[in-house]
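As a plain string of letters, each chain reads:
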Amino acid sequence: MNFGYHILDYKKLILSDLEKLVEIPSVCRAPLPGKPFGTACADALAFVLDTADRLGLETLNVDNYAGHASYGNTGEPVDILTHLDVVSPGEGWSTPPFSLQIRQGLWYGRGTADNKGAALAVLYGLKALKDHDIQGNHVLRAVFGCGEEIGSNDLDIYYQHCGYPLMGFTPDCDYGICNSEKGILRLSFEAENTRNCCIRSFSAGTAINSVPAKAQAALQCSPKLLEKLQAAADPHIFSFDMQEGLLTITANGCAAHGASPWLGRNSISMLVTLLGKTLPIQQLGPLFAFLYACIGMEYNGSSLGIQSPETETDPLTLNLGLLSVNEHTGCASVDIRYPRTCTRDFLIKKSLQLQLFTL
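Residue numbers run consecutively from 1 along every chain, following the written order of its sequence. Reporting of local features is limited, given that this is a predicted model, to residues whose pLDDT is at least 70; pairs of side-chain atoms are given and counted only at 80 or more, and all residues count toward the totals for whole chains, interfaces and linings. Side-chain numbers come from the whole structure's heavy atoms, not from hydrogens or water.

A. Structural view of the overall build of the protein chain. Each helix and strand counted, the protein chain has eight helices and 16 strands in total. Viewed in the frame of its principal axes, the protein chain has a C-alpha envelope of about 75 × 45 × 40 Å. The cut-offs for exposure are 20% and 50% of the maximum accessible area for each residue type, with area from a 1.4 Å probe on protein chains only; residues under the lower value are buried, those over the upper are exposed, and the others partly exposed. Taken across its 359 residues, the protein chain has 47% of its residues classed as buried. A contact between two residues is defined here by any heavy atoms of the two lying within 4.5 Å. For the protein chain, contacts bridging at least 24 residues in sequence account for 70% of all contacts bridging at least 6. Each accessible area is a Shrake-Rupley estimate made with a 1.4 Å probe; only the visible protein chains count as cover when residues are assessed. Roughly 18,100 Å² of accessible area belongs to the protein chain as shown, and the carbon and sulfur atoms make up 53% of that amount. Helix and strand definitions follow DSSP, with helices as H or I runs of at least four residues and strands as E runs of at least two, each counted in order from the N terminus.

B. Just the pattern of salt bridges, in detail. Salt bridges, as used here, are contacts in which a Lys or Arg side-chain nitrogen is within 4 Å of a carboxyl oxygen on Asp or Glu. Using the criterion set out here, one finds six salt bridges in the structure. The partner of Asp17 in a salt bridge is Arg54, and the shortest N-O contact between them spans 3.6 Å. Note that Asp17 is positioned in helix H1 (residues 11-22) and Arg54 in helix H2 (residues 39-54), a separation of 37 residues in sequence. A relative accessible area of 4% means that Asp17 is categorised as buried.

C. Examining the side chain of Arg337 more closely. With respect to the element layout, Arg337 can be found in strand E16 (residues 329-338). Of the residues examined, Arg337 reaches a relative accessible area of 10% and is grouped as buried. Side-chain atoms alone can form a polar contact between residues adjacent in sequence; in general such a contact is a pair of N or O atoms within 3.5 Å, and within protein one must be able to donate a hydrogen while the other accepts it. Side chain to side chain, Arg337 and Asp335 meet in a polar contact 2.6 Å long. The residues contacting Arg337, other than those within four sequence positions of it, are Lys182, Gly183, Ile184, Arg186, Asn209, His257, Ala259, Pro315, Leu316 and Thr317.

D. Highlighting the side chain of Asp172. Here Asp172 lies in the loop between strand E7 (167-169) and strand E8 (183-192). Only 3.2 Å separates the side chain of Asp172 from the side chain of His83, close enough to count as a polar contact.

E. Expanded view of empty space enclosed by the protein. Only protein atoms enter the 1 Å grid used here, on which a cavity is any set of points holding a 1.4 Å probe that cannot leave and a pocket is any open set flanked by protein within 12 Å on both sides along at least five of seven lines; residues with an atom within 4 Å of a point are listed as lining. Grid points are joined across faces, edges and corners, and a volume is the space filled by probe spheres set on the points. Counting across every chain of the model gives one cavity of 30 Å³ or more. In this structure, the largest cavity occupies an estimated 50 Å³ of space. Looking at the largest cavity, the residues that line it are Ala191, Glu192, Asn193, Cys197, Leu284, Gly285, Pro286, Leu287, Phe288, Val325, Thr329 and Gly330. Of the residues forming the lining of the largest cavity, the biggest block, five residues, is contributed by helix H7 (residues 281-294). Nonpolar residues are Ala, Val, Leu, Ile, Met, Phe, Trp, Tyr, Cys and Pro. Charged residues are Asp, Glu, Lys and Arg, and all others, Gly as well, are polar. A class-by-class count of the residues in the lining of the largest cavity yields seven nonpolar, four polar and one charged.

F. Focus on the sheet that holds E8. The sheet built from seven strands is open, its strands ordered E8-E16-E15-E9-E11-E13-E12 with antiparallel pairing. The open sheet has two free edges, formed respectively by E8 and strand E12 (238-243), since each of these has just one partner strand. Taken over all neighbouring pairs, the strand axes of this sheet differ in orientation by 20° on average, direction set aside. Lines fitted to the C-alpha atoms define the axes, with helices restricted to the stretch that makes contact. Angles between their N-to-C directions range from 0 to 180 degrees. Lying over the sheet, helix H6 (residues 267-278) contacts strand E9 (199-204), strand E11 (214-220), E12, strand E13 (246-252) and strand E15 (317-325), oriented at roughly 25° with respect to E11. The sheet contacts of H7 involve E8, E9, E15 and E16, and relative to E15 the element is tilted by about 160°. Note on pairing: two strands pair once DSSP finds at least 2 bridges between them.

G. Representation of the sheet that holds E7 within the structure. Across the sheet, five strands lie side by side as E1-E2-E6-E3-E7; this open sheet has mixed pairing. For this open sheet the edge positions go to strand E1 (58-62) and E7, each flanked by a neighbour on one side alone. Ignoring which end each strand starts from, the neighbouring axes of this sheet average 20° apart. Across the sheet, H2 touches E1, strand E2 (66-71) and strand E6 (139-145), and the angle it forms with E1 is around 160°.

H. Representation of a nonpolar patch on the surface in the model. Residues Trp262, Leu263 and Tyr299 make up a contiguous nonpolar surface patch of about 350 Å² in total accessible area. Tracing the backbone shows Trp262 in the loop between strand E14 (256-257) and H6. Patch membership requires over 30% relative accessible area and the absence of a salt bridge. Like charges are linked within 9 Å, and nonpolar side chains (Val, Leu, Ile, Met, Phe, Trp, Tyr) within 5 Å.

I. Spatial organisation of the nonpolar core. Here, nonpolar core refers to any group of buried Ala, Val, Leu, Ile, Met, Phe, Trp, Tyr and Cys residues whose side-chain atoms link them within 4.5 Å. If you look at the biggest cluster of nonpolar residues, it comprises 49 residues, and the most contacted ones within it are Phe202, Leu271, Leu275, Leu323 and Ile336. When residues no more than four places from it in sequence are discounted, the contact partners of Leu275 are Ile199, Phe202, Leu219, Leu229, Ile249 and Leu284. Ile24, Phe37, Leu57 and Ala119 belong to the second-largest nonpolar core, a separate cluster that totals 35 residues.

J. Seen up close, the environment of Ala113. Relative to the helices and strands, Ala113 is located in the loop between strand E5 (106-108) and helix H3 (116-131). Linking Ala113 and Phe3, residues 110 residues apart in sequence, is a C-alpha distance of 23 Å.

Right, dumping it as structure tokens:
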């Protein structure tokens, strides 16, 4: 029998531990003393390292940024990288996001695929090697980060303390075998909300690297404009509530990871496009005019002039993940995943040039 099948000996233990780990709502929060990503992320790391101690593995916690469980004591380290933080669950769940549910052989709960399930599978993989006294030429380190979803500076701190490995890989989400990943650039566009802009507020998004499932805008609206908006809107996506001249529009999309925006339906983009098609440009205001002209429903950056096809690491993607507007100012944030044919400086330069031209 292939040795890998021995992981099945630990299936009940993995599920039991995963149930407890999923219950920890380890979304990155504001730093606290000794807890750089908040209490829940520190609790998740403590749970995994306590479990590793119980399994007889060597452990280390690097100031709650990240930690590891290791097996072996000779040779250079080889790392298996996972993370314990998760994206905010958002809306639209049919099961409680922080509760492990098993239905028809599938496991549901925030983090089961990205990346708590993999973290525990790696941990018990080391346990299987130890239980069968399999000796290798290297130290195996299962590294557990706590800040991957907000930029991975958790690993910067960890490797400053522990040193880099000879090699490593990550069983993150449903990745297969790959030799590189795209770069990540996150940009925010801000503008004042001008007097002529009839949009009084806009709120959408829970995380920059998630396709937002729900967006809501409030605008000063005449009966004639309401008629025009309703005629242009898909009733399966948009709903309208008019109260004393103030119209609230809600757009319902479908959430997805920001790295694969084509798998979702971006509620911000849909609502911005509806407003852009219907309102005069003066009533849109500078921020919405820019978003409508330069992003709209696109997720490839073509209207921003940054579209970049690539065969080895897939094309550039852009996710409009957050938009917040009040009567005075507005801010939109995008998550860009770019291939090796692009550079960070090029993307910033192009985006800034077009924003200034549009605004």
